[in-house]
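# Architecture at a glance
So the chains spell out like this:
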Amino acid sequence: MGTAEPQVAADARTPVTDGFHLVIDALRLNGIDTIFGLPGIPITDLTRKAQAAGMRVISFRHEQNAGNAAAIAGFMTQKPGICLTVSAPGFLNGLTALANATTNCFPMILISGSSEREIVDLQQGDYEEMDQLAIAKPLAKAAFRVLHAEDIGVGVARAIRAAVSGRPGGVYLDLPAKLFPQSIDASAAARSLIKVVDPAPRQIPAPDAVQRALELLRGARRPLVLLGKGAAYARADAEIRDLIETTGIPYLPMSMAKGLLPDTHPQCASAARSFVLPEADVVMLVGARLNWLLSHGKGKTWGGQDAKAWGAQKFIQIDISPQEADSNVRIDAPVVGDIGSCVSALLAGIGSGWVKPPAEWLDAVAERKNKNLARMAETLARNPAPMNFHSALNVVRDIIRANPEAVLVNEGANALDFTRSIVDMYQPRKRLDVGTWGVMGIGMGFAVAAAVVSDQPVIAIEGDSAFGFSGMEVETVCRYNLPVCVVIMNNNGVYRGDERNPTGGRDPAPLVFVKDARYEKVMQAFGGVGVYATTPAELRRAMEEAIRSRRPTLINAVIDEGAGTESGRITSLNPTAKKT
Ligand code: ADP
Ligand code: TPW
Ligand code: MG
């Protein structure tokens, strides 16, 4: 496909360049140095030329994993992650990740090659024909198409701004095949490029909104702060810590906000979650939405009489999106702005005369927390045979404590919920998981991106079902020799592995897999290290060695097939769940 190198025009005096080089130049000019993708017509040469130009090009085995990698790279760096795919089927494979990125407020740009417009629009049956722009629009924060080489600079600039400004999200950029070989005068091309100035402008909150929030906080008897992944994304780590410690208010981190302050912080109320949510009188949300993960701010979780009833709380919500407030319950004090600016404004307004929350409240939280932590410690100390989630995750907990810089990727149901509650995080943006949708399949894409972006060891704790969605990417892990240690919590199935076909017929039950599957051999097939572990001691040894060696490793941790519960901890969303 396409022309290879910048050419010289017929008169041999005017240097020209082409669409391929302009796309690469536009990205690099904006500090984007990595592409996650999968080659093929019409973007094969783009991947080659990007690598030749010094970009990192990480080629995957399926576009969904490249897309998930781009999305989480965006979350980790505040720069849009780039996913590059071919037309129709490749584009569609990447689209799930794009939609997931938009849902989670992760900045990414899906760039897909597309077929010939004239043929697509007349539906004449082009190679991989599809009206990709129209299909992407409802799933993306924004979608653009570039038809002329001189517009590539504008197209890339718009895509970057759309992805990272305001509430971040997924952006689609459609690049038709014909664009790439278009030649253009090199000096005109250089002038057409845009280095985006201030792509994610600060948004300073209104002073009266800050005052309103402070008044509510001052009057609270039982205040609580909820930190969400928006707070983790914002990189206002020092300000957030300052706010929490200055006010003395207990806080709860949402899953991907774990580690924003160490989970072992004395004010962390995670172990008393079911106590603090209904008991709190003023709740301040910092980059967290009152969606299903917080029971929509109402119902019994929040002290309401039944599932629909509101509790008695008053809410403060810090968010960059002015439309977020009142989405589920009344927000008494919305503070609209970027989290860094909002938290700084709150801190400035607090001044020196701040009175910490009543001892009664802090003592009650501490008492509940200590009781639950003691109970958890007892459970973790047990060493049952076969190994269960607790005894396996007790090892992971120790490993992360000893290696707090490691990135933890996590998906599954029980494998997710138990890891979230058992494994403490100590540093911001180190826990990457299924996010707002609870989507399976993020595992290997996130793990590859985390290793590429951070160069830190990555530990992926995967349900055996969850792993299956992206498992082929262990080849990618091996090919790029990434320090990724995958631990499969292998309980022979979705939620558990002990179901039977009630008819006694020849087919297995829908939730179970091949018994005693040897997942570690998948990693061995590509030259990585595979370990079969049936005890916590074996698991510990293998994980320590993986961290030490930085070699691609997959540990098949064999878990009691009857240990899990249906849907993990979200049985409330599954009222017909099989009781176990
Ligand atoms: P969680 O799942 O952890 O509760 P959500 O994804 O539901 O978190 O919420 C994240 C929120 O953070 C979104 O409403 C988003 O608009 C907001 N957000 C993202 N980045 C920023 C930022 N820099 N400043 C303020 N709010 C932000
Ligand atoms: C894209 C539904 C939620 S959790 C899960 C599925 C299939 C797998 C649970 O089994 P696993 O974990 O991973 O073995 P464990 O420890 O409980 O045994 N398709 C998509 N997303 C979701 N969420 C599902 C299906 C689901
Ligand atoms: Mg399982």
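Structure first, text after, so check above.
Before going into details, it helps to say that this report is about the structure given with it. (Residues numbered from 1 in each chain as written. Chains lettered and ligands numbered in written order. Predicted model: local features only at pLDDT ≥ 70, side-chain atom pairs only at ≥ 80, totals over all residues. Heavy atoms only, no water.)

We now examine the sheet that holds strand β5 (residues 108-114). For sheets, the rule is that strands pair by backbone hydrogen bonds, running either parallel or antiparallel. If you trace the six strands from one edge of the open sheet to the other, you get β3-β2-β4-β5-β7-β6, paired in parallel fashion. If you trace the sheet from one side to the other, it starts and ends with β3 (56-59) and β6 (142-145), each paired once. Pairwise comparison of adjacent strand axes, ignoring direction, gives a mean angle of 20° for this sheet. Inspection of the sheet shows β5 paired to strand β7 (residues 170-176) by seven bridges, in the parallel sense. (Pairing = 2+ DSSP bridges. Helix = DSSP H or I, 4+ residues; strand = E, 2+ residues; numbered from the N terminus. Axes fitted to C-alpha atoms, helices over the stretch in contact; angles between N-to-C directions.)

Protein ligation of the magnesium ion (ligand 3) involves Asp464 (OD), Asn491 (OD1) and Gly493 (O), the donor distances falling in the range 2.0 to 2.1 Å. Mapping the donors of the magnesium ion (ligand 3) onto the primary sequence gives the spacing D-x26-N-x1-G. Here Asp464 is found in helix α18 (residues 464-468), whereas its partner Gly493 is found in the loop between β17 (484-490) and α20 (520-525), with 29 residues between them in sequence. (Donors = N, O, S within 2.8 Å, 3.2 Å for Na, K, Ca; no water.)

The subject of this paragraph is the packing of aromatic side chains. Tallied over the entire structure, the rule returns nine aromatic pairs. Judged by centre distance (5.3 Å) and plane angle (55°), the ring pair of Phe75 and Phe106 falls under tilted. In this pair, Phe75 sits in helix α3 (residues 63-77) while Phe106 sits in the loop between α4 (88-104) and β5, placing the two residues 31 residues apart along the sequence. For the pair Phe75 and Phe106, a shared accessibility class is recorded, and that class is buried. Through successive ring pairs, a cluster of aromatic residues spans Phe75, Phe106 and Tyr233. Positioned over the ring face of Phe20 is Lys49, at 5.1 Å from the centre of the ring. (Phe/Tyr/Trp six-rings, centres within 6.5 Å; stacked < 30°, edge-to-face > 60°. Buried < 20%, exposed > 50% of the residue type's maximum accessible area, 1.4 Å probe, protein only. Lys NZ or Arg CZ within 6 Å of the ring centre and 35° of its normal.)

This part covers the site of ligand 1. Lining the immediate environment of ligand 1, one finds 19 residues, of which Arg167, Lys229, Arg289, Asp319 and Ile339 sit closest. Ile320 has a polar backbone atom sitting 3.1 Å from a nitrogen atom of ligand 1. Surface burial for ligand 1 is 96%, taken as the share of its 570 Å² of free accessible area covered by protein chains. Looking at the shell around ligand 1 element by element, the count peaks at four residues for helix α10 (residues 229-234). Classifying every residue of the shell around ligand 1 gives eight nonpolar, six polar and five charged. When residues of the shell around ligand 1 are assigned to domains, at least three fall in each of domain 1 (17-192) and domain 2 (207-366). (Near = heavy atom within 4 Å. Polar contact = N/O pair within 3.5 Å; in protein donor to acceptor, adjacent residues only side chain to side chain. Areas by Shrake-Rupley, 256 points an atom, 1.4 Å probe, with all protein chains shown as cover. Nonpolar A, V, L, I, M, F, W, Y, C, P; charged D, E, K, R; others polar. Domains from an automatic or database assignment.)

The side chains of a regular strand alternate, residue by residue, between the two faces of the sheet. Extensive coverage of strand β19 (residues 553-558) is indicated by the burial of five of its six residues. Summarising the sheet, β17 and β19 pair through six bridges and their orientation is parallel. The partner of Val486 across the bridge, within β19, is Leu554. Note that strand β18 (residues 529-533) and β19 share five bridges and pair parallel. Across the sheet, residue Val529 finds its bridge partner in β19, namely Thr553. In the classification by handedness, the crossover that spans β18, the intervening helix α21 (residues 536-549) and the parallel β19 is right-handed. (Right-handed = clockwise from strand over helix to strand, strands pointing away.)

Moving on, we get to the packing of helix α15 (residues 389-402) against helix α16 (residues 414-422). Viewed as axis vectors pointing N to C, α15 and α16 meet at an angle of 50°, and their least axial separation amounts to 10 Å. Viewed along their axes, α15 and α16 adopt a mutual orientation that is oblique. Crossing handedness for the pair α15 and α16: right-handed. The residues of α16 that touch α15, namely those facing Phe389, His390, Leu393, Asn394 and Arg397, are Asn414, Ala415, Phe418, Thr419 and Ile422. Across the contact of α15 with α16, the residue classes break down as five nonpolar, four polar and one charged. (Parallel < 35°, antiparallel > 145°, perpendicular 65-115°, else oblique. Left-handed = near helix turned anticlockwise from the far one by under 90°. Contact = heavy atoms within 4.5 Å.)

On to the site of ligand 2, then. Taken together, 17 residues are adjacent to ligand 2, and Asn414, Gly438, Asp464, Ala466 and Asn491 come closest. At 2.6 Å, a side-chain N or O of Asp464 approaches an oxygen atom of ligand 2. Note that an oxygen atom of ligand 2 is positioned 2.9 Å from one of the backbone N or O atoms of Ser465. Its free accessible area being 590 Å², ligand 2 has 75% of it covered by the protein chains. At the level of secondary structure, the elements contributing two or more residues to the shell around ligand 2 comprise α16 and α18. Of all the elements, α18 adds the most residues to the shell around ligand 2, at three residues. In terms of residue class, the shell around ligand 2 is made up of nine nonpolar, seven polar and one charged.

Take Val16: it is sitting in strand β1 (residues 16-18). Note: C-alpha distance between Val16 and Ile184 (168 residues apart in sequence) is 5.3 Å.

The next thing to look at is α4. If you check α4, its first and last C-alpha atoms are 24 Å apart, about what 17 residues at 1.5 Å a residue would give, namely 24 Å. At Leu95, α4 shows its maximal bend, which comes to roughly 30°. Counting buried residues along α4, twelve of its 17 residues qualify, which places the element largely inside the surrounding structure. For α4, the full list of buried residues reads Ala88, Gly90, Phe91, Gly94, Leu95, Ala97, Leu98, Ala99, Asn100, Ala101, Thr103 and Asn104. Here the buried face of α4 lies against α3, β4 (81-85), β5, α6 (132-136), β7 and α10. Positive phi appears at Cys105, one or two residues downstream of α4, with a value of about 65°. (Expected span 1.5 Å × (residues − 1). Bend = angle between axes of the 7 residues up to and from the residue.)

For the bond running from Ile41 to Pro42, omega is 5°, close enough to zero to count as cis. Its place among the elements puts Pro42 in the loop between β2 (34-37) and α2 (44-52). In the segment running from Ala385 into Pro386, the intervening peptide bond is cis, with an omega of -5°. For Pro386, the location among the structural elements is in the loop between α14 (359-381) and α15. Backbone geometry places Asp198, a non-glycine residue, at a positive phi of 50°. Tracing the chain through its elements places Asp198 in the loop between α8 (186-192) and α9 (207-219). We note that Arg235 has phi near 55°; this positive angle belongs to a residue other than glycine. Counting through the fold element by element, Arg235 comes out in the loop between α10 and α11 (237-247).

Scanning the entire structure with this criterion turns up 23 salt bridges. Put simply, Arg61 and Glu475 hold a salt bridge, and the shortest N to O gap is 2.9 Å. Pair noted here: Arg61 is in the loop between β3 and α3 and Glu475 is in helix α19 (residues 474-479), with a separation of 414 residues, a long-range link. A relative accessible area of 40% places Arg61 in the partly exposed class. The partner of Arg117 in a salt bridge is Asp121, with the nearest N and O atoms 2.3 Å apart. A residue pair is termed a helical-turn pair when its members lie 3 or 4 positions apart in one helix, as Arg117 and Asp121 do in helix α5 (residues 117-121) at four residues. (Salt bridge = Lys/Arg side-chain N within 4 Å of Asp/Glu carboxyl O.)

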